[in-house]
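# Observations on the three-dimensional arrangement
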Amino acid sequence: MASHDSVIRADDGPEVVTAEEITGDAAPHIPAEDGPATTKKPRNAFTELMSTKPKPKAVTENTNKGKTAAQPSSFKSKHFDARDGLGIYIEHPQNNPEGRVIDYDDDFVVIQDKYPKASVHLLLLPRDPKLYFQHPLEILSTNTTFLAKLKPRVERLKTLAAAELRRQYGLLSASDSPYQSALETLMSSPDPPSASERDAFLPSGRDWSREIIAGVHTHPSMNHLHVHVLSRDMHSPWMKHKKHYLSFTTSFLVGLEDFPLEEDSARLHPGDWPNWDMRCWRCGKDFGNKFAKLKTHLDEEFETWKRE
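Keep in mind it's a predicted model, so treat the numbers as computed, not measured. (Residues numbered from 1 in each chain as written. Predicted model: local features only at pLDDT ≥ 70, side-chain atom pairs only at ≥ 80, totals over all residues. Heavy atoms only, no water.)

If you look at the biggest cluster of nonpolar residues, it comprises 50 residues, and the most contacted ones within it are L140, L150 and Y245. Considering every element that reaches this core, the biggest residue donor is helix 5 (residues 144-169), with nine residues. Discounting chain neighbours no more than four positions away, the residues touching Y245 are M234, M239, M278, R279, C280, W281, F291, L294 and L298. Grouped together as the second largest cluster of nonpolar side chains are 12 residues, L86, V101, V109 and L125 included. (Core = buried A, V, L, I, M, F, W, Y, C linked by side-chain atoms within 4.5 Å. Buried < 20%, exposed > 50% of the residue type's maximum accessible area, 1.4 Å probe, protein only. Helix = DSSP H or I, 4+ residues; strand = E, 2+ residues; numbered from the N terminus. Contact = heavy atoms within 4.5 Å.)

Bridge analysis of strand 4 (residues 101-104) against strand 5 (residues 108-112) gives three bridges, and the strand direction is antiparallel. Among the inter-strand pairings, Y104 is bridged to a residue of strand 5, identified as V109. (Pairing = 2+ DSSP bridges.)

Below, the discussion takes up the packing of aromatic side chains. A complete count under the given rule lists eight aromatic pairs for this structure. With centroids separated by 6.2 Å and ring planes inclined at 85°, the aromatic side chains of W281 and W305 adopt a geometry described as edge-to-face. With W281 in the loop between strand 9 (253-255) and helix 9 (291-306) and W305 in helix 9, this residue pair connects regions lying 24 residues apart in the sequence. For W281, a relative accessible area of 17% puts it in the buried group. Its end group placed over the ring of Y179, R166 keeps NZ or CZ at 3.6 Å from the ring centre. The positively charged end of R206 is found above the aromatic ring belonging to W305, 5.4 Å away from the centroid. (Phe/Tyr/Trp six-rings, centres within 6.5 Å; stacked < 30°, edge-to-face > 60°. Lys NZ or Arg CZ within 6 Å of the ring centre and 35° of its normal.)

Next up, the structure:
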């Protein structure tokens, strides 16, 4: 990929997390009740999953690439839907909107999440217009070709996220001390190795990759298909309410390693997830519905975690 400078809609019960809720500035959105069914068909889990997905945007022929793409003008319309906010990064990554684009090629764009829920929070966005409005649980369970293409990209991104964690907290981490000391000595030598050769001369230190999670939401908050890759510390000023926390620390987030899902998988129907109890991701302590107490506890756990 060419490097660039700057580094929930499934079952019958739960409500969807809206784009506005990401910032904590809006009340929960309750979707309208479905209208009466016009036909009687055999029950299919993935079909039901897709029954409330957004309608695809209008497309136009792109003569330069020979493929269809959503019209750029749709992102400037006065009727712009905040849930379509990822589209501009997918269609115009070369412009580096808001300085959030980390990397891109013809197939994918990597951006920093605008409202990160952890120290490191990245999004991987497929650029194929046919994938834009696919529900993640369906496409990753039925399109094995795309899943096989996606997984190595996610693994590379997890490596990048782990390296960023080391950059932020490596000097504070006791278990990373051997690596950090050896790195300092190595880089002070008269002829230090290049970055690509460096690891061969260094002890492993802390395994920061264990601190990275990757997956998709059962009810995505944004319309365009995207994969979350983030650190598990849940330390961020944008972690503002219970839904934020539950959406990244429970089965509401389906890990890439769990795909493909079976058609009758319970993961397609998480139930009344906004009412689940909140448990600390690190120690397992149950905070029930007390988000303020959890936040204080998370700050304490964060200080201990980064110094491990």
